Amino acid sequence: MTSNAISPRTKRRLQAPRRLLMGIAVPCALLLVWQVVGQQASMAGVVPTPLEVIVAWRDWIFADPGMGLNPYLGTWVGNVQYSTLRVAQGFALALVLGVPLGLMIGWSRAVALMLDPMVQGMRPIPITAWLPFSIALFGIRDLGSVFLIFLGAFYPIVVNTTQGARDVDRNLVRAAAMMGCSSWQMLRRVVLPSAMPSLFTGLRLGLGIAWTAVIVSEMVAVKSGLGYVLWDAYYVGRMDIVLADMVSIGIMGYISDRLIVWLERHVLRWRILQNY
């Protein structure tokens, strides 16, 4: 073994600048095309340039709201907080209910016969179809938005957790049974760890849909948050704020997804090490 061998950690550090350049190349090219298109006379008032969006976004974040007559001055943080809180509440509820249900459907034939047809039948109903029901039941309140977010995140979590529970290695089950594991111990110590990779896939998919659901719900069911600002800005012709809002939604969705990935790497560290 030579002393010149490069450790995997050092190799990853050396490759970091290259990965960064590859990651920003396409976005930079799209921004350049957008700037050129936005400067065309035919696009005036229709597609603002990236520079115009940045200026509007800066004012939306940092400007003094004054008397509050302009809703696009200094209100960005508050609206992000409203949307993030609703996503966190709806997603947490989907997690608490969806994971146990998915495990039971995937592991128990009797539970699957009773509940899986209902889950699969309701899953294709889009979030927008639930809007009238939500407004009729909860009114124009936060609870209606949380309900829609819960529905959006619930089904990906249930379906992926179910699939993970069904794919458990039967040799592990037999070995655990021979060691005298009870049904509860089998579910907790064998089925759940084996289903974790699929479970985290469901969490990432569910979280992405949760951000979609919060925007849809805030356009109609509540009067605050990024979704409400998106619709209000479009209504008054502030396309620069509309685009700044869209970028804000993308950033928040990306950050929350990275948090799930970080958690997955720590919880499933055994699986990552197993692959090397």
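One structure accompanies this document, and this report is about it.

What counts and how
Residues numbered from 1 in each chain as written. Predicted model: local features only at pLDDT ≥ 70, side-chain atom pairs only at ≥ 80, totals over all residues. Heavy atoms only, no water. Helix = DSSP H or I, 4+ residues; strand = E, 2+ residues; numbered from the N terminus. Rg over C-alpha atoms; globule rule 2.2 N^0.38 Å. Core = buried A, V, L, I, M, F, W, Y, C linked by side-chain atoms within 4.5 Å. Buried < 20%, exposed > 50% of the residue type's maximum accessible area, 1.4 Å probe, protein only. Contact = heavy atoms within 4.5 Å. Axes fitted to C-alpha atoms, helices over the stretch in contact; angles between N-to-C directions. Parallel < 35°, antiparallel > 145°, perpendicular 65-115°, else oblique. Left-handed = near helix turned anticlockwise from the far one by under 90°. Nonpolar A, V, L, I, M, F, W, Y, C, P; charged D, E, K, R; others polar.

### Focus on the overall build of the protein chain
Move 1: Along the backbone of the protein chain there are 11 helices and zero strands.
Move 2: Listed N to C, the secondary structure of the protein chain is α-α-α-α-α-α-α-α-α-α-α in terms of helices and strands.
Move 3: Taking 19 Å as the expected radius of gyration for a compact globule of 276 residues, we find that the protein chain reaches 24 Å, considerably beyond that expectation.
Move 4: Considered along the principal axes of its C-alpha atoms, the protein chain spans approximately 75 × 70 × 35 Å.

### Describing the nonpolar core
Move 1: If you look at the biggest cluster of nonpolar residues, it comprises 61 residues, and the most contacted ones within it are Trp60, Val87, Phe91, Leu103, Leu151, Leu203 and Ile241.
Move 2: For this core, the leading source of residues is helix H8 (residues 183-220), giving 15 residues.
Move 3: With residues near it in sequence (within four places) discarded, Phe91 still touches Ile149, Ala153, Ile157, Leu203, Gly206, Leu207 and Ile260.

### Some remarks on the packing of H8 against helix H9 (residues 226-235)
Move 1: Contact pair H8 / H9: the axes reach a minimum separation of 7 Å and the direction vectors enclose 60°. With respect to their mutual orientation, H8 and H9 come out oblique. Relative to H9, H8 is oriented so that their crossing is right-handed. Taking contact as the criterion, the partners of Ile215, Glu218 and Met219 in H8 are, on H9, Leu226, Gly227, Tyr228, Leu230 and Trp231.
Move 2: Grouping the constituent residues of the contact of H8 with H9 by class yields six nonpolar, one polar and one charged.

### Focus: the packing of helix H3 (residues 76-107) against helix H4 (residues 109-122)
Move 1: Following both chains from N to C, one finds H3 and H4 inclined at 120°, their axes separated by 7 Å at the closest point. In terms of orientation, H3 lies oblique with respect to H4. The crossing of H3 and H4 is left-handed. Taken together, the residues of H4 that come into contact with H3 (itself represented by Leu101, Met104, Ile105 and Trp107) are Arg109, Val111, Ala112, Leu115, Asp116 and Val119.
Move 2: Among the residues making up the contact of H3 with H4, the classes are represented as eight nonpolar, no polar and two charged.

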